[in-house]
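What follows is the residue order along each chain.
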Amino acid sequence: MRENESGSTSSVYITDKENSWIPANVLSRDEGTATVTVSYHPFDSNERKQKTVKLADYPSNILPLQNVNENGILMDMPDMVDLPYLHEPAILFNLKARHEKKMPYTRVGDIVIALNPFQWIGGLYSEEMRHLYSDKLVWNASADGDAKSHVAPHVYETSSLAFRGLACDGLDQSILVSGESGAGKTETVKILMSHMASIQSRDSDTDGATGMNNVVRRVVESNPLLEAFGNAKTVRNDNSSRFGKYTQLQFDVEDRTTAQFSGRAVPHCLLAGSYCDTYLLEKSRVVGHEPAERTYHIFYQLLSASADMKKKWWGAGLSGKGFDDFNYVGNTSTLKIEGQSDAEKCDKTVEILSLIGVNDEKLTTLMRAVCAVLQLGNITFAPDPENSDNSIISSTDELQKLADLMGISLDDLTTALLCRTVVAGKEVYSVPMNASAAKDGCDAFAKEIYQQIFDWLVKVINEATCAESNYEDIKDVEEFGIIGLLDIFGFESFKVNRFEQLTINYANEKLQQKYTLDIFRSVQDEYEMEGIELGDVTFSDNAHVLSLVEGRMGIISVLNEECVRPKGNDVSFVSKIKTLNKDTGCLIVDRLHRPTEFAIEHYAGAVKYDASNFVQKNTDLLPTDLINCACKSSNELINTELKAAADARPNIGGGRKKSIQTVGEKFKAALSVLMANISKTKTRYVRCIKPNPEKEPLKTNLKSSVEQLRCAGVVAAVTVSRVAFPNRLTHETTFERFYCLLQESIDSSMEEEKKESSDSREKVEFLLSKLLKKKEFKNDGGVTVKGFECGKTRVYFRAGSLEHLETERMLALGILASAVQKIVRGFFAKSIFLRVKQTVIETQAKARQTIDRKFFLKCRSAVTTLQCFARCTSAFSSLLRLRSNYAACQIQTRWRTFRSVVMLTQYREATILIQKIARGAYQRPVYKELLKEAEAEAKLNSKLQALQRRLADAEMKWLRAEKEKAIVEKKVAGMVPSEEAITTVEDVEKTTAPPILQQQALIDESGKMLEYLRKEVFSLKTKNYALRAENTELRETNYHLQEHGDTITASFGALKQHTNHLSKTNMKLRVGETSHKKEIAELRKKMNANKFSEMSEVPKLKEEMRKKDALHKAEMDALRADLSKARLEHITEKHATKREYESSLVKQSALTQLNLSVLDQGELWDHTAYAAAGLHKKGGKQKEANSEFSTFKNGNKSKKGKFEKVGQSKNKKANIANRSWSHKVTVAPAPIPHSTSHSSLSSAVVDLPPKPAEKKSLSSLSKARSSKPPKPASKPPQAPLSSSLSKASAGSIPNQKRPSSSFSNAKSKPPSSLSAKSSLAKAKFPLGTSSLSKASSKK
């Protein structure tokens, strides 16, 4: 059995000092121990260690199992009730897994466990999420099953269910939020309140909804105001609540019958107001705090306010003052809380105070009261020099400021701080105090004032938010529905626990009792729903702890007795507790405890308390002198509140000291009222957990988390829920997991017992009845009790039953695993053998290869030596041939360059001439057309002028004719005489002539005149008709001219529009040019910056280049020396053949000249480009050839000197041209006598001086070439010119059979220089390029 178990594994949890619980895998089990493998830091590491654990340290001697799936992966459930194994480590690791996945909320039944994520998770609190939970759980809740199963765990779930429970069921609700400092209790309460306010906002169309907006805002904004006066920074939390509060949200709930009558499934439930009760304000923080902590936020906000606010509240007392100026505040490194500074928080606090009606004078009174608390901390005391038992106030300036601030006379304030009034019978004594007692009294005075300020603020908030004073429809409401939110301290256990921790833990014990009862009720409901009888279930209750604290002889009663007993002290108090409760099991008595120490076994663990100052803190009486002094204050808040506190205080001098109500009694009474209110409601729980003390996101400290789970009562709740049946599984999971343990088929076995078909529940029940037969036992009544109970949906296992099944399953799987392992081991062994065999074969092959390779290398070395000698011989001959080819190419290059320059000049002149002719031929027809148009236009203008003149003449003639006609008509009218004239004429005729003759003459003259006038009128009419016809023609001509003018005008308009378009385009281009200029300027700046950065590296690079140049120069000198020696040897060997070269020189020169004359223009350009490119492409392999060529060049220069002496005057210009043309290439500078071909060649290359343009192009070509090769160390013997020329031409005609081989090689290169020059020609002569190419092609 042990052997089979060792081969199998089972996932369990074991305890650990550092992490509380860690996962492990069981290797083997003995009777009292188990061997497991554990991985540390992190848990999923591959490095695992074995460990032996004692089973007696675990409940029922059983290791808690992990919740893993078939693949061994840990399962995480949103509802931990669904976990197969629900225990403390299962809860812990389920929360850890969900927290690492950014899922901070998990539920256990109706309890929501919230891990503080220490970051805002996107979408977790969005409007969509709020509406989702309100729709799923309130407005559209599913009637079938549990509505929570349709949504993920969330704090919105609790608020939605509470709202629906109040609206639909009519039950008051309570939500209890607990956790340690920094777990997120306050933030959770704010989230709950804001969500419930958003839920009720859907009923905003009801009556009175418009007037509720301010009330809802006051309710929601009251939390930050209480945080300012009641929260402080602690070691664990930057915004820790130092008081407990129970906020009752008041709702106007519609009657369900009315809602159903109106057709609404969910009645209206409107937030009408709220009421807040506070508990246990930590007054000691007012006068002192730890160095890493802070006092209440309001003090820092007050000192960080603006200068105007400070001046308004206290003038010079706050102006220019900081944290260090007040002893109660002190210096702090924390300047922001939740991302906001104290100044911003101050503005927010003032805004909220104005919202609840605290502004102007009220605000000033409140802030001056807070300033009085701060100023009390600056009062210092010293022993009286005359009497050391008395004291004096050493800080008189601060005392004067305090007196002015509180509005109390200086003498009254001094007396109240230094003396105490003692009443003995009917006599009253004033007793001076020493410095320590006076300081304690001053601190107590400050704490009491702050307590009254806080209580007054809570009262003001309640007046501003309570429904009784602010709800408009108060008359229509009989009773408000309540949803209470309890935000109170979690269970606390520190190194030193004092009176505050005792009261806090007492409250948590009370809440835990209620919590345990609620869990037990939920377990009962679950078992009833599953159809299982619960029976008698016993679970741990904390009634004995509550009896120890609040019983008749409990801690509070004994402490109250010590407070009223004369000379009551803390040591006597502890002694009485231990004596009166020695039989109580929860009181821990240890001999090592000090006289003031005692311990209590709470539900979350043992806590040791230090009872020092218990009596003083429980009494908490402020001396009457200070109360009377405060009643004299001009500050209305201090005066009114402390006077009310003095009136409520019992008469100490009346002889009944037992009538004093201590802090313990007050808290006990308040806690009883709180529990009574909570017991009337449906309670829901939110347990807040702080995952790690460092407040880092996605990190879980297992030890601190499990301690908080214990303190929150989650583990105790699980214990209660699983006390009868610790483990549970669904039917499907049980059947799939343990079916392998049954030897026979379940269907055949069931057919034998029951013929009819059965469901999954019956199959599971039959399976477990067979497998858990050993776990059956008989109770006291003789009834057989099975090891399991089969419910409707789950199987509930009793203690040890599921572990037994898991052990059997582990053994069965171990047997199968052994068979699989046998096959796998055989496969591995065979694979190893084959690999070893293959390795041996490869090793032998390598050895043979090494031997053969050594022999091959030796043979190859010998062959390489022979090949090297042969290649050297061949290379030397190739070198000689290359030298000859190079010399011939240089000569050809000079000749072709000269010819090309001449041809270029001719082509340029011809091109210019052709361009002139082409331009003339192109412009003459244009000129003729323009001339014809000018003549036609002149003719048209002359015709138009003639017509205009004729029209003017016709008009003048017509006017004249009209005038003449008028004159004639006048004359005709004047020929008819009047009666007087006739009488006159008759008288004259009577006197002068006979009347008949005169009359006849007048008639004849008149007839002639009329005939003349008729002719003139006819002729004038004829002319008029002609002029009218001519006028009509002129008008038609004018109309055509106007049409032509309109056409011209339209064309001009189109041209104008085109001009405007071009102007706009030009403007855009200018704008683009400006932007490009700016970009160029920026690029120049960047380039200058880069240049500056590069210039800093230039000296380093130059230094490296100098070193490399020096090294290279030394290597070149050595190579030159070796090359000179080789040349000398070569010249010595070839001296015998020198005469043969001289004899063949004439023939080779003639052939070279013949080749030069045959080459065409394209070859010249090709060879020129190839020669230029060859000068630029000299690489490392040509260094030796260059050095040889420089030697050849130097030899030619020496020859050149000799020839210059012979023909210096004749060839002076040719020598100057030769020096300007050649920079690296050496050409014979003077004509060679005794040879016609040599003379013609030298005259072609040298005698023609270059033109200025040619000089420029040649100088640029010489600059583009590489630098002149260095001179060798030692010059070889000077050879005659004929031998040099023969050597230079030997490469072009190696065997006197292929005289044009060098030219053919040159023609194979691409004419890059030709294309460049053709592009240059196109740029210079744009109109004549085509004609130039045509001319060149014709030639």
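This is a predicted model, so every value here is computed, not measured. (Residues numbered from 1 in each chain as written. Predicted model: local features only at pLDDT ≥ 70, side-chain atom pairs only at ≥ 80, totals over all residues. Heavy atoms only, no water.)

(A) Region of interest: the overall build of the chain. Across its full length, the chain carries 42 helices and 27 strands. Here the chain, with 1339 residues, has 42% of them falling under the buried criterion. Just so you have it, the chain exposes about 75,800 Å², and 55% of that area is on carbon and sulfur atoms. (Helix = DSSP H or I, 4+ residues; strand = E, 2+ residues; numbered from the N terminus. Buried < 20%, exposed > 50% of the residue type's maximum accessible area, 1.4 Å probe, protein only. Areas by Shrake-Rupley, 256 points an atom, 1.4 Å probe, with all protein chains shown as cover.)

(B) Summary view of the pairing of strand β6 (residues 111-115). Burial analysis of β6 places 5 of its 5 residues in the buried class, the great majority of the element. Residues Ile111, Ile113 and Leu115 line one face of β6 and the alternating positions Val112 and Ala114 line the opposite face, and both faces are buried. In this sheet, β6 lies alongside strand β5 (residues 105-108) in antiparallel orientation, the contact comprising 4 bridges. Paired with Thr106 across the bridge in β6 is Ile113. The turn linking β5 back onto β6 is made up of 2 residues, and Gly109 within it adopts a positive phi angle of 70 degrees. Here 5 bridges tie β6 to strand β22 (residues 682-689), and the two strands are oriented parallel to one another. Paired with Ile111 across the two strands is Tyr685, which belongs to β22. (Pairing = 2+ DSSP bridges.)

(C) Examining a nonpolar patch on the surface more closely. Nonpolar side chains collect at one region of the surface, where Val820, Val824, Phe827 and Phe828 lie side by side and expose about 390 Å² of accessible area between them. Mapped onto the secondary structure, Val824 falls in helix α30 (residues 801-974). Take Val824: its relative accessible area is 34%, and that puts it in the partly exposed class. (Patch = residues over 30% accessible without salt bridge, like charges linked within 9 Å, V, L, I, M, F, W, Y side chains within 5 Å. Salt bridge = Lys/Arg side-chain N within 4 Å of Asp/Glu carboxyl O.)

(D) View of a positive patch on the surface. Where like charges cluster on the molecular surface, the positive patch consists of Lys957, Arg960, Lys963 and Lys1023. Tallying contributions element by element places α30 first for the positive patch, with 3 residues. Counting through the fold element by element, Lys957 comes out in helix α30. (Lys, Arg positive; Asp, Glu negative; His and termini not counted. Charge placed at Lys NZ, Arg CZ, Asp CG, Glu CD.)

(E) Structural context of unusual backbone geometry. At Glu338, a position not held by glycine, the phi torsion is positive, near 55 degrees. Mapped onto the elements, Glu338 comes out in the loop between β12 (336-337) and β13 (340-341). Overall, Glu338 belongs to the partly exposed group, its relative accessible area being 48%. Positive phi, close to 60 degrees, is recorded for Lys695, a residue that is not glycine.

(F) View of the sheet that holds strand β18 (residues 481-487). Strand order in this open sheet of 7 strands is β5-β6-β22-β7-β18-β10-β11, and the pairing throughout is mixed. Edge strands, defined here as strands with exactly one partner in the open sheet, are β5 and β11 (269-279). For this sheet the average axis-to-axis angle between neighbouring strands, irrespective of direction, equals 20 degrees. Where strand β10 (residues 244-253) lies against β11, 10 bridges are found, and the strand directions are antiparallel. When the sheet's bridge partners are listed, Leu249 is paired in β11 with Ser274. Packing against the sheet, helix α17 (residues 499-530) makes contact with β6, β7 (173-178), β18 and β22, and its axis sits at approximately 115 degrees to β22. (Axes fitted to C-alpha atoms, helices over the stretch in contact; angles between N-to-C directions. Contact = heavy atoms within 4.5 Å.)

(G) Up close: the sheet that holds strand β26 (residues 788-790). Spatially, 3 strands are ordered β23-β27-β26 in an open sheet, and the strand pairing comes out antiparallel. The open sheet has two edge strands with one neighbour each: β23 (727-730) and β26. Within this sheet the neighbouring strands show an average axis-to-axis angle of 20 degrees, counted without direction. Here 4 bridges tie β23 to strand β27 (residues 794-797), and the two strands are oriented antiparallel to one another. Considered in β27, the bridge of Thr730 is made with Arg794. The sheet strands contacting α17 are β23 and β27, and the helix crosses β27 at an angle near 120 degrees.

(H) Up close: the packing of α17 against helix α24 (residues 663-679). Contact pair α17 / α24: the axes reach a minimum separation of 11 Å and the direction vectors enclose 20 degrees. The pairing of α17 with α24 is recorded here as roughly parallel in orientation. Crossing of α17 against α24: the hand is right-handed. Within the contact between the two elements, α17 uses Phe499, Thr503, Tyr506, Ala507, Lys510, Leu511 and Lys514 and α24 uses Val663, Gly664, Phe667, Lys668, Leu671, Met675, Ile678 and Ser679. Of the residues that constitute the contact of α17 with α24, the class distribution is 9 nonpolar, 3 polar and 3 charged. (Parallel < 35°, antiparallel > 145°, perpendicular 65-115°, else oblique. Left-handed = near helix turned anticlockwise from the far one by under 90°. Nonpolar A, V, L, I, M, F, W, Y, C, P; charged D, E, K, R; others polar.)

(I) Main features of the packing of aromatic side chains. One pass over the structure, following the stated rule, counts 22 aromatic pairs. Note on Phe163 and Phe251: the rings are 5.9 Å apart at their centroids and 80 degrees apart in plane angle, and the pair reads as edge-to-face. With Phe163 in helix α4 (residues 155-169) and Phe251 in strand β10, this pair connects stretches of sequence that are 88 residues apart. Residue class for Phe251 comes out buried when judged on its relative accessible area of 1%. On the numbers, 6.4 Å between centres and 90 degrees between planes, the contact of Phe598 with Phe614 is edge-to-face. With a gap of 16 residues between them, Phe598 in strand β20 (residues 597-602) and Phe614 in helix α21 (residues 614-619) connect regions that are remote in the sequence. (Phe/Tyr/Trp six-rings, centres within 6.5 Å; stacked < 30°, edge-to-face > 60°.)

(J) Spotlight on the pattern of salt bridges. Tallying each qualifying case throughout the model produces 31 salt bridges. Arg710 is the partner of Glu88 in a salt bridge, and the nearest nitrogen-oxygen pair spans 2.8 Å. Within this pair, whereas Glu88 is found in helix α2 (residues 88-100), its partner Arg710 is found in helix α25 (residues 702-711), the two being separated by 622 residues in sequence. Residue classification places Arg710 among the partly exposed positions, given a relative accessible area of 32%. Note that Lys459 is salt-bridged to Glu641, the shortest N-O span being 3.4 Å. Linking Lys459 in helix α15 (residues 435-465) with Glu641 in helix α23 (residues 636-648), this pair joins segments that are 182 residues apart in sequence. With relative accessibility at 40%, the residue Lys459 sits in the partly exposed group. Among the residues examined, Glu641 registers a relative accessible area of 10% and is labelled buried. Residues joined by salt bridges that share partners form a network here, namely Arg242, Glu282, Arg285 and Glu293.

(K) Focus on the confidence of the model for the chain. On average, residues of the chain score 77 in pLDDT, and 76% of them are at 70 or above. Throughout residues 1-9 the model reports pLDDT below 50, and contacts reaching past four residues in sequence, or to other chains, amount to 20 contacts. Segment residues 205-212 is flagged for pLDDT under 50; beyond a separation of four residues in sequence, or across chains, it makes 14 contacts in the model. (pLDDT = per-residue confidence, 0-100.)

(L) Layout of the side chain of Asn231. Its location among the elements puts Asn231 in strand β8 (residues 231-232). Polar side-chain contacts of Asn231 include one of 3.1 Å to the side chain of Asn239. Aside from chain neighbours lying at most four places away, what touches Asn231 is Thr186, Leu226, Asn239, Ser240, Ser241, Arg242, Phe243, Thr295, Tyr296 and His297. (Polar contact = N/O pair within 3.5 Å; in protein donor to acceptor, adjacent residues only side chain to side chain.)

(M) Just the packing of helix α10 (residues 307-314) against helix α12 (residues 361-376), in detail. Contact geometry of α10 with α12 gives a least axis separation of 9 Å together with a crossing angle of 85 degrees. Between α10 and α12, the crossing angle belongs to the class labelled roughly perpendicular. Every residue of α12 that contacts α10 at Lys312, Trp313 and Trp314 is listed here: Leu363, Thr364, Met367, Arg368, Cys371 and Gln375. Considered class by class, the residues forming the contact of α10 with α12 number 5 nonpolar, 2 polar and 2 charged.

(N) Structural detail: the environment of Val235. Assignment of secondary structure puts Val235 in the loop between β8 and β9 (240-241). Sequence separation between Val235 and Arg294 is 59 residues; the distance between their C-alpha atoms is 9.2 Å.

(O) Looking closely at the nonpolar core. Counting residues in each nonpolar core, the largest one holds 102 residues, and the members touching the most others are Ile14, Leu63, Ile555, Phe573, Phe598, Ile600 and Phe797. The element that contributes the greatest number of residues to this core is α17, accounting for 10 residues. In this structure Phe598 touches Ile555, Phe573, Val574, Lys578, Leu587, His593, Val607, Lys608, Tyr609, Ala611 and Phe614, once residues within four positions along its chain are discounted. In terms of nonpolar packing, the next biggest core, distinct from the first, is built from 77 residues, Ile356, Val370, Ala403 and Ile638 among them. (Core = buried A, V, L, I, M, F, W, Y, C linked by side-chain atoms within 4.5 Å.)

(P) Looking closely at helix α3 (residues 127-139). The complete set of buried residues in α3 reads Arg130, Tyr133, Ser134, Leu137, Val138 and Trp139. With its buried residues spanning 150 degrees around the axis, α3 presents them on a single face. Packed against the buried residues of α3 are α4 and α5 (185-200). (Arc of directions from axis to C-beta.)

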